[in-house]
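Inside the fold
Read off the chains here:
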Amino acid sequence: MGIVPDVFMISIVVNAHCREGNVDCAERFVEKMVGMGFEVNVVVYNALVGGYACKGDVGEAERVLHLMSRKGVERNVVTWTLLMKGYCRQGRVDEAEGLLRRMEEDEVIFVDDRVYGLLVDGYCHVGKMDDAVRVRDEMARVGLKVNVFVCNALVNGYCKQGWIRKAEEVFRGMLDWNVRPDCYSYNTLLDGYCREGRMSEALMLCEEMLREGIDPSVVTYNTVLKGLVDVGSYGDALSLWHSMVEGDVVPNEVSCCTLLDCFFKMGDYDGAMKLWKEILSRGFTNSTVAFNTMIGGLCKMGKVVEAKVVFDRMKELGCSPDEITYRTLSDGYCKTGSVIEAFRIKDMMERQTISPSIEMYNSLIYGLFKSRKSSDVADLLVELRTRGLSPDTVTYGTLIYGWCNEGKLDKAFNLYFEMIERGFSPNFFICSKIVSSLYKNDRINEATVILSKMVDFDLLTVHKCSDKSVKNDSISQEAQRIADSLDKIAICNSLPSNIVYNIAIYGLGKSGKIDEARSVLSILLSRGFLPDNFTYGALIHACSAAGDVDGAFKLRNEMLARGLIPNITTYNALISGLCKLGNMERAQRLFHKLPQKGLVPNVVTYNILISGYCRSGDLNEASNLREKMIEEGIS
């Protein structure tokens, strides 16, 4: 058309390429323009520096700076600021400050508040809050105004570190710097409150925000909505959603996914399905996050068939599943015991050239144990290592759990020692699983010697056995090694004490030492221990097994007096105790009272009663119960 491009037009095209992330293409365009004799100034080169910096490729950004020197293009404050941004994005904040010092020494360059603000934000992102405050104070000393960006960066930095009180001090001190908090300021502090579960303070801050004439944004609503869901205030979350919609704030993808998560946590399948239809109708059909939330929620509810339908719909709508999608669906199949389907999902994923993560392998190992296919675990471990992956704490924990459940404690012990040798610290759940498995296998002394390292009193004396008697047991050498290893990793400092104490009570009951178990409970109660359903369930089961049904019922009454509601497992233990004593009439009465207590008999309940009637010779009643069991759909 005869129109000659000028430097402004060239800079617009270069910026367009860089914003698309095609910085290499932008640089080729610049070379072409230079080759054609067109003028290219600092603005164009700054766009290239900024493009590489945004991609996190500081090396290429520095190369462009050297190119500018060779071309005789003067670098300005924008050039250096963009390079600083690249350093900060990579967490190389010390180098970013080095650039600031070089800029200060250059008499031609005026260092403004944006440069200092960038450095403050950089230090906040890497958690160096003292340095961030130092730069903020230096900024004020050289006569630059502390602006809202700097204050917001500090509030955000303190919140990310969990230092909410410090964040509050900065927020409340903004007026001292003649800075008025904006919507981002409030949203940042709100996020801090919500992360800490301090929802009453978060809601009060929302009210303050409205009083100050700042309209809540969709980010504000999303932050509080997630906070309410995380603390289990589902009703308040639903109310906030309705307020959001009525207040003409249009929910976005994050809002919808948070509410979807809320419905699943409530167990409201119908509500989740209704919202899901709305999400699709809102046009979020290309949102991988939305599909992952839906598939994950359905899997957690055990509705893997429905999750697979959503997965197929996802592909139909042109939304590409990612590693999380495949892993979530595979995990859902593993948890329901459908490990063959889980491996099919893995194969499907690999055909899309997505490599399985260690998390997926951990889930598959769990699935193999659950499906009674433990013989395939070894091959999966070989494949895992062939792919360059290494077992982590979860891998070892899953393997130890699996072999303990199968009663192969020698394999569990070997894995425990391998885990220690590889530098992993066994967590509480691994140790407690080994202990409880030893108790279940009547290896009482071995369980006790380990558990004694996990509780803060001498459990050996309660068991009335000594270190010497334990060490005389040739099998217990491995248990002694496990106990010794707990001293080195100081696991006792981080154990959930209630669970440890419950295992101790369970172990004493399992070994028939009911008086000792009650004695331990009395000691713990004097220390402020709060017994739960498991505590009383273990004691009631032990009493019933020992034939002390009256003692079991006294414990049931004590449990009710503490406000604890016995579950079906507890009543199964009571019915079992009555059946063992041959008191079938009382066992039958208790069975018929279960619906009044809000409980539904399960297969264990029926089996206990049927076995009781068979032992007493009342085959007619046993047959009637079997028919009733079939009518109730219990297999």
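Rules used throughout
Residues numbered from 1 in each chain as written. Predicted model: local features only at pLDDT ≥ 70, side-chain atom pairs only at ≥ 80, totals over all residues. Heavy atoms only, no water. Salt bridge = Lys/Arg side-chain N within 4 Å of Asp/Glu carboxyl O. Buried < 20%, exposed > 50% of the residue type's maximum accessible area, 1.4 Å probe, protein only. Core = buried A, V, L, I, M, F, W, Y, C linked by side-chain atoms within 4.5 Å. Contact = heavy atoms within 4.5 Å. Phe/Tyr/Trp six-rings, centres within 6.5 Å; stacked < 30°, edge-to-face > 60°. Helix = DSSP H or I, 4+ residues; strand = E, 2+ residues; numbered from the N terminus. Lys NZ or Arg CZ within 6 Å of the ring centre and 35° of its normal. Expected span 1.5 Å × (residues − 1). Arc of directions from axis to C-beta. Axes fitted to C-alpha atoms, helices over the stretch in contact; angles between N-to-C directions. Parallel < 35°, antiparallel > 145°, perpendicular 65-115°, else oblique. Left-handed = near helix turned anticlockwise from the far one by under 90°. Nonpolar A, V, L, I, M, F, W, Y, C, P; charged D, E, K, R; others polar. Polar contact = N/O pair within 3.5 Å; in protein donor to acceptor, adjacent residues only side chain to side chain.

Now for the pattern of salt bridges. Where side chains of opposite charge bring their charged atoms close, a pairing between them can arise. Evaluated as defined, the whole model comprises 34 salt bridges. One salt bridge in this structure joins R626 and E627, with 3.7 Å as the shortest N-O distance. Take R626: its relative accessible area is 48%, and that puts it in the partly exposed class. Under the relative-accessibility criterion, E627 is labelled partly exposed at 39%.

So, about the nonpolar core. Nonpolar side chains tend toward joint burial in soluble globular proteins. Ranked by size, the top nonpolar core spans 163 residues in total, and within it V14, I434 and I450 carry the most contacts. With sequence-adjacent residues up to four places away left out, I450 is seen in contact with I434, V435, L438, A479, I482, A483 and L486.

Here we come to the packing of aromatic side chains. When we look at a pair of aromatic rings, we describe it by the centre distance and by the angle of the planes. Evaluation of the coordinates by the stated rule reveals ten aromatic pairs. Plain terms: the ring middles of F591 and Y606 are 5.5 Å apart, the flat faces sit at 75° to each other, and that makes the pair edge-to-face. Of this pair, F591 sits in helix α35 (residues 584-593) while Y606 sits in helix α36 (residues 603-616); the two residues are 15 residues apart in sequence, bridging distant segments of the chain. As far as the burial class goes, F591 and Y606 line up, both buried. Through a chain of ring-to-ring contacts, three or more aromatic side chains come together here, namely Y439, Y506 and F534. Here K335 stacks its cationic end above the ring of Y366, 5.8 Å away from the centre of that ring. Taking NZ or CZ as reference, K411 lies 4.1 Å from the ring centre of W403, over its face.

Attention shifts here to helix α6 (residues 93-105). Taking 1.5 Å per residue as the helical rise, α6 with its 13 residues ought to reach 18 Å, and the 19 Å between its terminal C-alpha atoms agrees with that figure. Looking at α6, one finds that the buried residues are V93, A96, E97, L99, L100 and M103. Here the buried residues of α6 occupy an arc of 150° about the axis, which is enough to place them on one side. In this structure, α6 carries D94, R102 and E105 as exposed residues pointing more than 90 degrees from its buried face.

Time to look at the packing of helix α8 (residues 129-141) against helix α9 (residues 148-160). In helix packing, the relevant descriptors are the interaxial angle and the interaxial distance, both defined with respect to the helix axes. Two numbers describe how α8 lies on α9: the axes approach to 11 Å, and their chain directions differ by 165°. Relative to α9, the element α8 lies roughly antiparallel. Along this stretch, α8 crosses α9, giving a crossing that reads as left-handed. Here α8 contributes M129, A132, V133, R136 and M139 to the contact with α9, which in turn contributes V150, L154, G157 and Y158. Each residue belonging to the contact of α8 with α9 can be placed in one class, and the counts come to seven nonpolar, one polar and one charged.

This part is about the side chain of N502. Relative to the assigned elements, N502 resides in helix α30 (residues 497-510). Of the polar contacts made by the side chain of N502, one reaches the side chain of D532; its length is 3.1 Å. A distance of 2.5 Å separates polar atoms of two side chains, one belonging to N502 and the other to T535. In this structure, N502 is in contact with F529, D532, F534 and T535, ignoring residues within four places of it in sequence.

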